Number of protein chains: 2
Amino acid sequence: MQEKKKHYVRPLNIKNGKIEMNYGAGGKASAQLISELFAKYFNNEYLMQGDDGAYLPAAEGHIVMATDSHVVSPIFFSGGDIGSLSVHGTVNDVSVCGAKPLYLSAGFILEEGFPLADLEKIVKSMAEEAKKAGVYIVTGDTKVVEKGKGDGIYINTTGVGVVPKGIHLSGANCKPGDVIAVSGDIGDHGIAIMSQRANLGFETEIQSDSASLNSMTEALVKEIPSLRCMRDPTRGGLGTTLNELATQSKVGMKIEEAKIPVKEQVTAACEFLGLDPLFVANEGKLIAICGPEDAEKMLEIMRANPLGKNAQIIGTCVEDENCFVQMETPFGGTRMVDWLSGEQLPRIC
Amino acid sequence: MQEKKKHYVRPLNIKNGKIEMNYGAGGKASAQLISELFAKYFNNEYLMQGDDGAYLPAAEGHIVMATDSHVVSPIFFSGGDIGSLSVHGTVNDVSVCGAKPLYLSAGFILEEGFPLADLEKIVKSMAEEAKKAGVYIVTGDTKVVEKGKGDGIYINTTGVGVVPKGIHLSGANCKPGDVIAVSGDIGDHGIAIMSQRANLGFETEIQSDSASLNSMTEALVKEIPSLRCMRDPTRGGLGTTLNELATQSKVGMKIEEAKIPVKEQVTAACEFLGLDPLFVANEGKLIAICGPEDAEKMLEIMRANPLGKNAQIIGTCVEDENCFVQMETPFGGTRMVDWLSGEQLPRIC
């Protein structure tokens, strides 16, 4: 029956077409964008219900909800694009809370004139990464703004996951003596983005580390009884995230610079750009903190995962009413690691 | 202990300050915006956990998830602002699926230079409307884009709700003979927005109808056993929404123009602007469809709610393999109600 209506409408010209204002008006053009692009790639039983929201199975256990709007520039970068990043970012925010991510929503703000071919690439890469992470994109929304009122495409993803019984991780759980691990080389995402920004005249072979961490987080939740908390050090980098956790848990932290894995090219690029890798964004790295009794096992589990083969124990939590994060340098000195205070890298995610 | 850190930072100048790029960088300035503005107004136990996602109680029953990005222009309008609208829009999308809305996420995309005083007004109105609707804003995210890459503020809200046992509404449930009701005057939101757009040189006293409909939807879900589906006719208006439902349910619809409530000033404004109120957006109106046996009761429940005092039965579902929506005019003629096809009102929500 729907066929009878459809023959009035020419299919979208994805190869050469551009986003027009009416794709966001909620009428025929909006419906066409949904059916010929979003539904084609995100295809799953929940999205296909076609109602204002998705009707989903009951979830057994506590729910976790996290949201992230993505405004990364450029939208295509070495190692990913705004689509894959928008899946990884939210999958990771749900996962580090100890939850198994289940569902994502996707809200698009498109600028008039944005090429449909680029949108298709982005939607495809969202669909692929959602599949890899085992999550469904169950509901969505598209708005169009006039040329000059956006920057091609912004994507909000919001995720819902479910926490296994008896698990409640929190950044407030750390105690003196706890052990801090990071799952691999830091700073890759930020440097990959910086290297592609036209105005930097600077190139490197670093790829973004953007990836979904849920296979690693789920293994840690299952196997590490003393797991206190996990975080993905995105904007603000490792340094800011450790400060957040220290403040939240009312502990200090002592980390060793020599133990923090950083690629040589990233160190070089940071020197060139006047950046500190401690404050450069990651999109596929995990900080995990557990009691000292499980430290070795935590490291083993991280290293057993392809995304964690360079995992390291980088320090411990200590008593400190100032909640300072301090770093021992390779030369025996000690340096304060403060929160990122200025704007280091705009629109990194 | 946190006090010791705080005295290094001057409080936000909300009265005269503006959004700077570093408010979105994930460091100190981001943390300050969260604690001095968002947390102050959205204050609830879930948001205050301070983790990457919110850890929420288990939900008994099927879950509904809905998302909406809000790009309305102007951001302050008669009867509301982008903040109140962003709560109503998503609360309603969750509610019309038959769910009790519980949680919202809030994702902000702010343009560099946006006044903090405006942001505070918007955040306040989100907080007020969330409280009225009985939902918590449990998690959030803020990104900042350069001047000229946004339009002040865009807000994504994503909502999660829980469906009472045994209820499964869907736009695919309508059958011939079912009765269609609308909860009140149509077109108010669209006309309120249009009247304030500077370039129209056109004024009216119409206020947006923007409101959370969950008290009405929850009563209908509870009291109307034959309730088939509900929708809020936003972008695309009543006409487009009825077409969506007809196509989804594979029925036709017959509606009576004389029964459709429209304010005189809205009719006049539509004539002046060359618009059809059937396609003008609403943000606080409900379409509900039930079996003929419950029609009177459905109308009673709607009218008992302050938001539904002008509710009307406007038509019925009929057998029609073309899924046409047809409208009987007051002069005895019949007119096809098609989907909105062009761009009628850009950035209406």
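This is a predicted model, so every value here is computed, not measured.

### A few points about empty space enclosed by the protein
Link 1 in the chain: Applying the stated criterion across every chain yields a total of 7 cavities of 30 Å³ or more.
Link 2 in the chain: The calculated volume of the largest cavity comes to roughly 80 Å³.
Link 3 in the chain: The wall of the largest cavity is formed by 13 residues, among which A:Leu345, A:Pro346, A:Arg347, A:Ile348 and B:Gly24 lie closest to the centre.
Link 4 in the chain: Of the residues that constitute the lining of the largest cavity, the class distribution is 8 nonpolar, 1 polar and 4 charged.
Link 5 in the chain: Looking at the second largest cavity, its volume works out to about 70 Å³.
Link 6 in the chain: In terms of lining, the second largest cavity is formed by 12 residues, of which the most central are A:Gly24, A:Val144, B:Pro346, B:Arg347 and B:Ile348.
Link 7 in the chain: Within the lining of the second largest cavity, the residues separate by chemical class into 7 nonpolar, 1 polar and 4 charged.

### Quick look at the environment of A:Ala192
Residues and elements named next belong to chain A.
Link 1 in the chain: Tracing the chain through its elements places Ala-192 in helix H5 (residues 188–196).
Link 2 in the chain: With relative accessibility at 0%, the residue Ala-192 sits in the buried group.
Link 3 in the chain: As a C-alpha pair, Ala-192 and Pro-306 span 114 residues in sequence and 20 Å in three-dimensional space.
Link 4 in the chain: Each residue touching Ala-192, except ones within four places of it in the same chain, is listed here: Ser-78, Ile-206, Gln-207 and Ser-208.

### Considerations on the sheet that holds strand S11 (residues 287–290) of chain A
The pairing of strands in a sheet comes from backbone hydrogen bonds and takes either a parallel or an antiparallel form.
Residues and elements named next belong to chain A.
Link 1 in the chain: If you walk across this open sheet you meet the 7 strands as S9-S11-S8-S12-S10-S13-S14, and the pairing is mixed. Since the sheet does not close on itself, it has two edges, and those belong to strand S9 (227–231) and strand S14 (334–337), each with one partner. Within this sheet the neighbouring strands show an average axis-to-axis angle of 25°, counted without direction.
Link 2 in the chain: Pairing between strand S10 (residues 252–256) and strand S13 (residues 325–328): 4 bridges, direction parallel. Bridging across to S13, Glu-256 finds its partner in Glu-328.

### Overview of the domain arrangement of chain A
All names here are of chain A.
Link 1 in the chain: We note that the domain assignment places domain 1 (2–162) and domain 2 (179–337) within chain A.
Link 2 in the chain: If you look at the interface, domain 1 gives 20 residues, while domain 2 gives 21 residues.
Link 3 in the chain: Carbon and sulfur atoms supply 49% of the area buried between domain 1 and domain 2, which totals about 1700 Å² over both sides.
Link 4 in the chain: Taken as a group, Ser-78, Asn-92 and Val-96 account for 32% of the area that domain 1 buries against domain 2, more than any other trio of residues on that side.
Link 5 in the chain: Linking domain 1 with domain 2 are 0 salt bridges, by the criterion used here.
Link 6 in the chain: At the surface where domain 1 touches domain 2, the tally comes to 9 residue pairs in polar contact (both at pLDDT 80 or more).
Link 7 in the chain: For the side of domain 1 that touches domain 2, the leading source of residues is helix H3 (residues 82–95), giving 8 residues.
Link 8 in the chain: For the side of domain 1 that touches domain 2, the per-class residue count stands at 10 nonpolar, 8 polar and 2 charged.

### Section: the UniProt feature "domain: PurM-like N-terminal" (unreviewed entry) in chain A
Link 1 in the chain: Per the UniProt entry, the sites bearing "domain: PurM-like N-terminal" (unreviewed entry) are residues 50–163 of chain A in this numbering.
Link 2 in the chain: The span residues 50–163 of chain A is 28% helical and 41% strand by assignment, and the distance between its end C-alpha atoms comes to 28 Å.

### A short note on the relation of the copies chain A and chain B
Link 1 in the chain: In the superposition of chain A on chain B (RMSD 0.0 Å, axial shift 0.0 Å), the rotation amounts to 180°. Within this description, the copies of the chain are treated as partners about a two-fold rotation axis. In terms of proximity to the rotation axis, the leading residue of chain A is A:Gly150, whose C-alpha is 2.2 Å off the axis.
Link 2 in the chain: Here 100% of the contact residues of chain A are again contact residues in chain B; the copies associate through an equivalent surface.

What counts, and where the lines are drawn
- Residues numbered from 1 in each chain as written.
- Chains lettered and ligands numbered in written order.
- Predicted model: local features only at pLDDT ≥ 70, side-chain atom pairs only at ≥ 80, totals over all residues.
- Heavy atoms only, no water.
- 1 Å grid on protein atoms, 1.4 Å probe; cavity = no way out; pocket = protein on both sides within 12 Å on 5 of 7 lines; lining within 4 Å.
- Points joined across faces, edges and corners; volume = space filled by probe spheres on them.
- Nonpolar A, V, L, I, M, F, W, Y, C, P; charged D, E, K, R; others polar.
- Helix = DSSP H or I, 4+ residues; strand = E, 2+ residues; numbered from the N terminus.
- Buried < 20%, exposed > 50% of the residue type's maximum accessible area, 1.4 Å probe, protein only.
- Contact = heavy atoms within 4.5 Å.
- Pairing = 2+ DSSP bridges.
- Axes fitted to C-alpha atoms, helices over the stretch in contact; angles between N-to-C directions.
- Domains from an automatic or database assignment.
- Buried area = accessible area lost by both parts, 1.4 Å probe.
- Salt bridge = Lys/Arg side-chain N within 4 Å of Asp/Glu carboxyl O.
- Polar contact = N/O pair within 3.5 Å; in protein donor to acceptor, adjacent residues only side chain to side chain.
- UniProt positions renumbered as here; feature names shortened; annotations may be inferred.
- Least-squares fit on C-alpha atoms with pLDDT ≥ 70 in both.

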